Amino acid sequence: MIEVRNLCKHYGRSGEVKAVDGAEFRCADGEITGLLGPNGAGKTTTLRIIAGLIRPQSGTVLVDGIDASRDSAAARARLGVQSDMSGVYPRLTSREQLRYYGRFYGLRGEALEARVRYVIGELKMADIADRRAEGFSRGQRQKVILGRALVHDPPNVIMDEPTNGLDVLAVRDTRETIRSLRSQGKCVLFSTHYMDEAERLCDRIAIIASGRITAWGTPEELKSRTGKDSLEDAFTALAGPEGLEKSGH
Amino acid sequence: MGSGAANIWMKELRDTVRDRKTLVHALAVPLAVGIAYAVLNPLLTAFMESKAEKPIEVPVKGLEYADPAFVEVCARLGITLVPCEGGMEESIASGEKPAGLVLPPDFSKKVAAEKTASLDLLTNDTAGGLFGGKFSVKRLELALLAYSQTVAVKRLAVRKVDPALLAPVRMDARDLSSPAQRAGLFAALMLPLLVAIVAAQGGMFIAIDVTAGEKERGTLEALLATPASDAEVFLGKLSAVFTMTSVPVALTLAGFWIAGNLLPASVTKGAVLPAGVVFGSILLTLPLALFLNVVLMIISVRTRTFKDAQSTLMPVIFCVSALAMAAAFAPPSSPFMFLIPIYGTSAVVGSLALAGPMPEHAVLLSMAGSFAASAVGIVLGLRLFNRERLLYSA
């Protein structure tokens, strides 16, 4: 479970750029939580703070009850992170990349090999498992990146726009993986700006605008709260000026 | 703490070994440089010696006024005097000829009349490059001195005076330098420079690849999202850079020694650096390489792209070369100067190459200087190696 409490991250000399401004939400185990927001809303910064890559000015991130600012390594050990900036090591095979990441989480010997085999099977990467990543397609790279995030069997998985730039088949595979993670009882938090994706996948959605969570609930709750028929219309209402005003901006 | 660093070290080594371009840069280039320099060293020594004995032609204005004895003395020293055609001053000033003589019409008459005869020696020290003009001038001066003494001896003999009266002191000079020391003449200048540059450049591409290169590929963020601590990531990468730098350093010096020993004795004339000098230099260079690796890592960690890192690191290579050159031309005047990183090591390697006396504690001080600077650099590097700054600040 991931809990975010009053998270703030401001940039600039006097903190005039409020990338994240008092964000609060909770992602439960066995659920998919979508972080939905327009470009520059603070989605990526929020996810990076949760991943321990950025220190917030204030606020708390709890990963399975572990305060990430107090015991960052322990919190990171319970997370699998797939970021939008991720690349692959072109001179290593997919299998070697999975082993490399698995070792950071204490996996060794047969336990490591078993997890690597499992991830290769789950993500359907047998055909690229022993190929060097140089020349991989976007979809193949995405599988390696996702595999690295999952190799240690983390109870919490965060993904930053996981389907961005993928073809239809790769998008379908990625969505299947996300559903499979939920069925395994994992807590999945991902950011997206695709409404249909959020509606199809998410159990709960946190709408973020100007660094602040303007709404939080199931897709149906968000629609009924705004009186709109589609999530897109609900999102427009909640992430727009009206939503910001209601959330205290 | 150790396992994360070891994991990174192993991965970086595997990654580097598979990168043909980096591997060629790290292995083949230093080996070739070592071999090339090993060949160059005895050739330069032989060239210098042959330059001193090579026959030279000197244009003379007024050669017809020269005493035949003077021409003969010059010939004995390998100097052929030829009549000057055209403007002598112009050809010497332009560097076409290194030196020329101007004999006045009364030159021989004055010599015969036992008066002081004067002649003009025109020179251009820059003609023929670094090893050109000065050699010709030195030999001409020697010829004039020899001729002057010959004439003086004749004059004294006519007067039945013992010529020894004119030479109360005689100096017999003997060069006691060993072939190794002669080999070290150029090595003392070149080896420290070579060693310092290889230590700096051998690790440069790898240091960039594991920092700015990883940022550029987009793999750093995923790595920093693992439980590995900042220190583990920094030290793991530094260890890989150091390992990959040690190889070219060792290869350069080993190549230098092996090639020197494979060359025929007719080329080297026994002037080959002893194994102790070469392998001692390797040991001395490793702490220096560690220090330079730390500097390269600290700088390249702050850059965002490979290209950016390359241009940012260029001044480092310049500083390293400058300090190594400084050690060759202005060696340490106090023992504590050996503590200065790069400078101290270069001075010790230079002294080793000359096979001369080594200042007391110089080896220890130079190694201590490099280790201390590395330790300070590592502490600074660990302070600077901060996830957020590393990933998202320019």
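Residues numbered from 1 in each chain as written. Chains lettered and ligands numbered in written order. Predicted model: local features only at pLDDT ≥ 70, side-chain atom pairs only at ≥ 80, totals over all residues.

Undergrad: What am I meant to see in the overall build of chain A here?
TA: In terms of regular secondary structure, chain A is built from ten helices and ten strands. Computed over the C-alpha atoms, the radius of gyration of chain A is 18 Å, within 12% of the 18 Å expected from 2.2 N^0.38 for a compact globule of 249 residues. Each of the three principal axes of chain A carries a C-alpha extent, and together these read 55 × 40 × 30 Å. Taking all 249 residues of chain A together, 50% fall into the buried category. (Helix = DSSP H or I, 4+ residues; strand = E, 2+ residues; numbered from the N terminus. Rg over C-alpha atoms; globule rule 2.2 N^0.38 Å. Buried ≥ 20, exposed ≤ 12 C-beta atoms within 10 Å, placed from the backbone.)

Undergrad: Teacher, can you tell me more about the sheet that holds strand S8 (residues 187–192) of chain A here?
TA: Through backbone hydrogen bonds, the strands of a sheet pair up, either in parallel or in antiparallel fashion. Residue and element names in this part refer to chain A. Ordered in space as S6-S7-S8-S3-S9-S10, the six strands form an open sheet in which the pairing is mixed. The sheet is open, and its two borders are formed by strand S6 (79–82) and strand S10 (212–217), each paired with just one other strand. Adjacent strand axes in the sheet meet at a mean angle of 15°, parallel and antiparallel pairs treated alike. With four bridges connecting them, strand S3 (residues 32–36) and strand S9 (residues 204–209) associate as parallel partners. When the sheet's bridge partners are listed, Leu36 is paired in S9 with Ile207. Contacting S3, strand S7 (156–160), S8 and S9, helix H1 (residues 43–50) runs over the sheet at an angle of about 150° to S7. Docked against the sheet, helix H9 (residues 231–239) engages S3, S9 and S10, running at close to 40° with respect to S9. (Pairing = 2+ DSSP bridges. Axes fitted to C-alpha atoms, helices over the stretch in contact; angles between N-to-C directions. Contact = placed C-beta atoms within 7 Å.)

Undergrad: Whenever I open this one, the packing of helix H12 (residues 275–301) of chain B against helix H13 (residues 306–329) of chain B confuses me. Can you help?
TA: Axis angle and axis distance: for two packed helices, these are the angle between their axes and the distance between the axes, and together they describe the pair. All names here are of chain B. Relative to each other, H12 and H13 sit at 150°, their axes nearing to 10 Å. In terms of orientation, H12 and H13 fall into the roughly antiparallel class. When the axes of H12 and H13 are compared, the crossing they make is right-handed. Mapping the contact onto sequence places Leu292, Val295, Leu296, Ile299 and Ser300 in H12 and Ala309, Thr312, Leu313, Val316 and Val320 in H13. For the contact of H12 with H13, the residue count by class is eight nonpolar, two polar and no charged. (Parallel < 35°, antiparallel > 145°, perpendicular 65-115°, else oblique. Left-handed = near helix turned anticlockwise from the far one by under 90°. Nonpolar A, V, L, I, M, F, W, Y, C, P; charged D, E, K, R; others polar.)

Undergrad: Looking at this model, I keep getting lost on unusual backbone geometry. Mind explaining?
TA: Apart from glycine, the bulk of residues carry a negative phi angle, and the bulk of peptide bonds sit in the trans form. Positive phi, close to 55°, is recorded for Asp153 of chain A, a residue that is not glycine. With 14 C-beta atoms packed within 10 Å, Asp153 of chain A lands in the partly exposed category. Located in the positive-phi region is Lys160 of chain B, a residue other than glycine, with phi close to 55°. By the secondary structure assignment, Lys160 of chain B is in the loop between helix H6 (133–158) and helix H7 (179–201).

Undergrad: What exactly am I supposed to notice about the packing of helix H3 (residues 94–104) of chain A against helix H5 (residues 138–150) of chain A here?
TA: All names here are of chain A. Put simply, H3 and H5 touch, their axes get as near as 8 Å, and they point 25° apart. With respect to H5, the axis of H3 lies roughly parallel. Handedness of the H3/H5 crossing: right-handed. Counting all contacts with H3, which are made through Ser94, Gln97, Leu98 and Tyr101, the residues of H5 involved are Val144, Gly147 and Arg148. Tallied by class, residues from the contact of H3 with H5 come to three nonpolar, three polar and one charged.

Undergrad: I'm lost on the interface of chain B and chain A in this one. Help?
TA: You'll often see interface size given as the accessible area lost when the parts meet. Each partner contributes residues to the interface: chain B has 20 residues there, and chain A has 24 residues. Elements that contribute at least two residues to the side of chain B that touches chain A include exactly helix H1 (2–17), helix H9 (220–224) and helix H16 (387–392) of chain B. Among the elements that take part in the side of chain B that touches chain A, H1 of chain B stands out by supplying four residues, more than any other. For the side of chain B that touches chain A, the residue count by class is six nonpolar, six polar and eight charged.

Undergrad: I'm lost on the nonpolar core in this one. Help?
TA: Burial of nonpolar side chains together is a common tendency in soluble globular proteins. With 155 residues, the main nonpolar core has Ile158 and Ile207 of chain A together with Ala199, Val241 and Leu292 of chain B as its most contacted residues. What Ile207 of chain A contacts, discounting residues up to four positions off in sequence, is Leu36, Gly37, Ile213, Thr214, Ala215, Phe235, Leu238 and Ala239 of chain A. Counting 19 residues, the second-largest nonpolar core is a separate cluster that includes Ile79, Cys84, Ala99 and Tyr147 of chain B. (Core = buried A, V, L, I, M, F, W, Y, C linked by C-beta atoms within 7 Å.)

Undergrad: Explain H13 of chain B to me, please; I cannot follow it from the model alone.
TA: One full turn of an α-helix is made of 3.6 residues, so residues set three or four places apart face in the same direction. Residues and elements named next belong to chain B. Across its 24 residues, H13 extends 35 Å between first and last C-alpha, which sits within 8% of the 34 Å expected from 1.5 Å per residue. Largest kink in H13: about 30°, centred on Leu313, with the proline Pro315 one to four residues after it. Along H13, the residues that are buried comprise Ala309, Leu313, Val320, Leu323, Ala324 and Ala327. (Expected span 1.5 Å × (residues − 1). Bend = angle between axes of the 7 residues up to and from the residue.)

Undergrad: Whenever I open this one, the confidence of the model for chain B confuses me. Can you help?
TA: When pLDDT drops low, the exact placement of atoms in the prediction is not to be read closely. All names here are of chain B. Mean pLDDT over chain B stands at 84; residues scoring 70 or higher make up 91%. Between the elements of chain B, mean pLDDT differs from a low of 68, seen in helix H11 (residues 265–268), to a high of 92, seen in helix H15 (residues 362–384). For this predicted complex, the interface confidence comes out at an ipTM of 0.90, alongside a pTM of 0.80. (pLDDT = per-residue confidence, 0-100.)

Undergrad: I tried to follow the pairing of S8 of chain A on my own but got confused; where do I start?
TA: For a regular strand, side chains alternate in direction, first toward one face of the sheet and then toward the other. Residue and element names in this part refer to chain A. Counting buried positions along S8 yields six of six residues, so the element is predominantly enclosed. Where burial is concerned, the two faces of S8 agree: the one with Cys187, Leu189 and Ser191 and the one with Val188, Phe190 and Thr192 are both buried. For S3 and S8, the ladder comprises five bridges, and the chain directions are parallel. From the neighbouring strand, Ile32 faces S8, where its bridge partner is Val188. Bridge count between S7 and S8: five bridges; the pairing is parallel. Across the sheet, Asn156 pairs through a bridge with Cys187, a residue of S8.

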